Amino acid sequence: MTESCKTHKLAAMPDSTKIESLFATQIYRAQLPARLNTDLAKTCLSLAAEDRAGQRWSKQHGYRGYTSYASLDDLPQRASVFADLVSVIDRHVRTFGKALDYTQTKPTLDSLWANVMDEGAVHTGHIHPHSAISGTYYVALPQNASAIRFEDPRLPLMMSAPPKRENAKRRNQPFVTVVPKPGTLLLWESFLRHEVPQNDARGKRISMSFNYTMR
């Protein structure tokens, strides 16, 4: 066989190269009927006006607006609209837990809190320790309301990895922004670091955040 024939034969061989995505970080998104949003918004704004402990905590921690995170731990018992929301979220958390191949797929609500962000508010990067699945349900998002940004959990380990191109595929980007709308439910594993950049909306950005353990 001549050298040219050998070269042609090699070139015709099928390419066995394969790139496999491993250790995927999954985000669950669902659009829920907005039937609860009017009552949720009213109830959250009532809490913001009446919860003095929450007001103090928000002010002390530089939170421009109100959160019940550190002051109220019984929202589903305080208002039926919160209990109704939890019953809906429960089903989605079960579905997400199965998709993640958890051996334990019975979700238990660990905490639920209301967030009312004013213009200029920021929620810096953080995780949710001691939980399995965390998430946010979006009640009201006025024009220019900030989205949520997730960080690649491997980022601290990348050491000498070069910067990614501006037009990098979404799965390869170190930070990914998800733009919700009223009625959007987002779920993620609690180790995933995330933040809410500065809120430029003049109206109230209202959401419900929560943590679940799996048993």
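Refer to the structure above for everything that follows.
The structure presented is a predicted model; accordingly, all values stated were derived computationally and were not measured. Along each chain, residues carry numbers from 1 onward, in the same order as the chain's sequence is written. Local features are withheld for residues below a pLDDT of 70 in this predicted model, meaning they are given only at 70 or higher, and side-chain atom pairs are given and counted only at 80 or more; totals for whole chains, interfaces and linings count all residues. Processing note: side-chain calculations cover all non-hydrogen atoms of the structure and skip hydrogens and water entirely.

Enquirer: Explanation requested: the packing of helix α2 (residues 37-50) against helix α5 (residues 80-99) in the structure shown.
Expert: Think of two packed helices as two axes; the pair is described by the angle between the axes and how far apart they sit. Think of each axis as a best-fit line through the C-alpha atoms, taken over the contacting stretch in the case of a helix, with angles from 0 to 180 degrees between the N-to-C directions. Comment: elements are numbered from the N terminus, with helices defined as DSSP H or I runs of at least four residues and strands as E runs of at least two. It is the contact of α2 with α5, at a shortest axis distance of 9 Å, that shows an interaxial angle of 125°. With respect to their mutual orientation, α2 and α5 come out oblique. The handedness of the crossing between α2 and α5 comes out as left-handed. Counted together, Asp39, Leu40, Thr43, Cys44 and Leu47 of α2 and Val81, Phe82 and Leu85 of α5 form the full contact between these two elements. In this classification, the charged set is Asp, Glu, Lys and Arg, the nonpolar set is Ala, Val, Leu, Ile, Met, Phe, Trp, Tyr, Cys and Pro, and all remaining amino acids, among them Gly, are polar. For the contact of α2 with α5, a count of residues per class yields six nonpolar, one polar and one charged. Any angle from 65 to 115 degrees is called roughly perpendicular, while one under 35 is roughly parallel, one over 145 is roughly antiparallel, and all others are oblique. The crossing is said to be left-handed when, going from far helix to near helix, the turn is anticlockwise and less than a right angle, and right-handed when the turn is clockwise. Residues count as neighbours in contact if any of their non-hydrogen atoms are within 4.5 Å of one another.

Enquirer: In this structure, what is going on with unusual backbone geometry? I would like to understand it.
Expert: Excluding glycine, residues mostly carry a negative phi; peptide bonds, for their part, are mostly trans. Even without being a glycine, phenylalanine 23 presents a positive backbone phi close to 55°. With respect to the secondary-structure elements, phenylalanine 23 resides in the loop between α1 (3-12) and β1 (27-31). Positive phi is not limited to glycine here, since histidine 130 has a value of about 65°. The residue histidine 130 is located in the loop between β4 (123-126) and β5 (133-140) in this model.

Enquirer: For this particular structure, what's the right way to read the sheet that holds strand β9 (residues 194-196)?
Expert: Two strands in a sheet stick together by hydrogen bonds in their backbones, pointing the same way (parallel) or opposite ways (antiparallel). Strand pairing requires that DSSP identify at least two bridges connecting the strands. Ordered by their spatial adjacency, four strands build an open sheet running β4-β9-β6-β7, and the pairing between neighbours is antiparallel. Strands at the two margins of the open sheet, each flanked by one partner only, are β4 and β7 (175-178). For this sheet, the mean angle separating the axes of adjacent strands, direction not counted, is 20°.

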